[in-house]
Amino acid sequence: MSERFNPQQQQLLALAAVFQAAQLADDIALRGDCEPRAFEALMQGVMALDADSFDAIYPQPALLRDGVSLLNRSLNRDSAGGNLRPLNYGLALLHLAAKLRKSDDTVNILRHRLKALDGQQAHFSSVRDDAFCHRLAGIYVDTLGTFRFRIQVKGEPAHLQDENKAARVRALFLAGVRAAFLWHQLGGRRWQLLFQRKRLLSAIESIDINSL
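Quick look at the structure, then.

Reading the values: the criteria
- Residues numbered from 1 in each chain as written.
- Predicted model: local features only at pLDDT ≥ 70, side-chain atom pairs only at ≥ 80, totals over all residues.
- Heavy atoms only, no water.
- Helix = DSSP H or I, 4+ residues; strand = E, 2+ residues; numbered from the N terminus.
- Rg over C-alpha atoms; globule rule 2.2 N^0.38 Å.
- Buried < 20%, exposed > 50% of the residue type's maximum accessible area, 1.4 Å probe, protein only.
- Areas by Shrake-Rupley, 256 points an atom, 1.4 Å probe, with all protein chains shown as cover.
- Lys, Arg positive; Asp, Glu negative; His and termini not counted.
- Charge placed at Lys NZ, Arg CZ, Asp CG, Glu CD.
- Core = buried A, V, L, I, M, F, W, Y, C linked by side-chain atoms within 4.5 Å.
- Contact = heavy atoms within 4.5 Å.
- Axes fitted to C-alpha atoms, helices over the stretch in contact; angles between N-to-C directions.
- Parallel < 35°, antiparallel > 145°, perpendicular 65-115°, else oblique.
- Left-handed = near helix turned anticlockwise from the far one by under 90°.
- Nonpolar A, V, L, I, M, F, W, Y, C, P; charged D, E, K, R; others polar.
- Expected span 1.5 Å × (residues − 1).
- Arc of directions from axis to C-beta.
- Phe/Tyr/Trp six-rings, centres within 6.5 Å; stacked < 30°, edge-to-face > 60°.
- Lys NZ or Arg CZ within 6 Å of the ring centre and 35° of its normal.
- Salt bridge = Lys/Arg side-chain N within 4 Å of Asp/Glu carboxyl O.
- Polar contact = N/O pair within 3.5 Å; in protein donor to acceptor, adjacent residues only side chain to side chain.

### Regarding the overall build of the chain
From N to C terminus, the chain includes 11 helices and zero strands. The globule rule puts the C-alpha radius of gyration for 212 residues at 17 Å, and the 16 Å found for the chain is close to it. In terms of overall dimensions, the chain has C-alpha extents of about 45 × 35 × 35 Å along its principal axes. Here the chain, with 212 residues, has 48% of them falling under the buried criterion. As presented, the chain carries roughly 10,300 Å² of accessible surface, and 48% of it is formed by carbon and sulfur atoms. The chain carries 27 positive and 22 negative side-chain charges, and their two centres are separated by 8 Å.

### A few points about the nonpolar core
Nonpolar side chains tend to gather and get buried jointly when the protein is soluble and globular. Among the nonpolar cores identified, the biggest contains 71 residues, and Leu42, Met43, Tyr58, Leu114, Leu136 and Leu174 are the most heavily contacted of them. The biggest single contributor to this core is helix α1 (residues 7–31), with 13 residues. Ignoring sequence-local partners within four residues, the contact set of Met43 consists of Val127, Leu136, Ala171, Leu172 and Ala175.

### Structural notes on the packing of α1 against helix α2 (residues 36–47)
Interaxial distance between α1 and α2 falls to 11 Å at its minimum, and their mutual angle equals 130°. One finds that α1 runs oblique with respect to α2. Here the hand of the crossing between α1 and α2 comes out left-handed. In contact with Ala17, Gln20, Ala21 and Leu24 of α1, α2 contributes Ala38, Phe39 and Leu42. Each residue belonging to the contact of α1 with α2 can be placed in one class, and the counts come to six nonpolar, one polar and no charged.

### Quick notes on helix α6 (residues 104–118)
The end-to-end C-alpha distance of α6, which contains 15 residues, comes to 21 Å, matching closely the 21 Å that a straight helix rising 1.5 Å per residue would cover. Among the residues making up α6, those that are buried are Thr106, Leu110, Leu114 and Leu117. Down the axis of α6, the sector holding all buried residues measures 65°, keeping them to one side. Exposed side of α6, more than 90 degrees from the buried face: Asp104, Asp105, Asn108 and His112 are the residues found there. Those residues of α6 that are buried lie in contact with α2, α5 (84–101), α7 (130–142) and α9 (163–185).

### Observations regarding the packing of aromatic side chains
Inspection of the entire model under this criterion finds five aromatic pairs. Arranged with centres 5.8 Å apart and planes meeting at 50°, the rings of Phe54 and Tyr58 form a pair that is tilted. Given the relative accessible area of 3%, Tyr58 is considered buried. An angle of 80° between the planes, with centres 5.2 Å apart, marks the rings of Phe124 and Phe132 as edge-to-face. Note on Phe124: relative accessible area 16%, which makes it buried. With a relative accessible area of 1%, Phe132 lands in the buried category. Just above the ring of Phe181 sits the side chain of Arg101; from NZ or CZ to the centre is 5.9 Å. Above the face of the Phe39 ring, Arg168 is positioned so that its terminal group lies 5.2 Å from the ring centre.

### A few points about the pattern of salt bridges
Counted under the stated rule, the structure contains eight salt bridges. Residue Asp142 is joined to Arg113 by a salt bridge in which the shortest nitrogen-to-oxygen separation is 3.0 Å. Of this pair, Asp142 sits in helix α7 while Arg113 sits in helix α6, placing them 29 residues apart in sequence. Arg113 gets classed as partly exposed once you look at its relative accessible area, which sits at 29%. As a salt-bridge pair, Arg168 and Asp130 come within 2.9 Å of each other at their nearest N and O atoms. Placement of Arg168 in helix α9 and of Asp130 in helix α7 is noted, with a sequence separation of 38 residues between them. The structure contains a network of salt bridges with shared partners spanning Asp50, Arg111 and Lys115.

### Here's the deal with the environment of Gln10
Structurally, the position occupied by Gln10 is in helix α1. Sequence-wise, Gln10 and Thr143 are 133 residues apart; in three dimensions their C-alpha atoms are separated by 27 Å. Among the polar contacts made by the side chain of Gln10, one reaches the main-chain carbonyl oxygen of Phe5 at a distance of 3.1 Å.

Put into structure tokens, the structure is as follows:
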């Protein structure tokens, strides 16, 4: 499927997956739920450990549509309304991924834990299961959660204090970091968001969201 996208478009779609994770996390924090198919796509992306292409990790790019839209608004510097929170989460996930890349030990632990969970997937009916999300959340806490940098989530206290919803937010943040790793592998760099904004906008606007 990725034949439909040139390398730069694939890079931007990987970045859109980061913002998709941020948007869904914000949805859960605010209203307690998010779009289930989009959530599942990101969880499956986390578990695509040995995949080395955009197509193999995100075979249904249509499910990244909200992330594409949020990224477009970000590049257009539109932080109005409810955009600012998920935009900040997305940028924080890029920062967290950068810290992870500098820690080989943490990367190895993360990979080992995900490999172990992958071998146990048959015990879960779906990657959307609360139990599965708690396992991913535990991996997030034990790896990315050891860094001094923390993502401060804002939302309804009742949702933030719900253990199942909090686990889903952490699982989404893990998915966002996974997408950020792919974005970096495909040549994405944070400085591009500042100094190549027009070029990136042109590339993302060349992706027909409605045809994804």
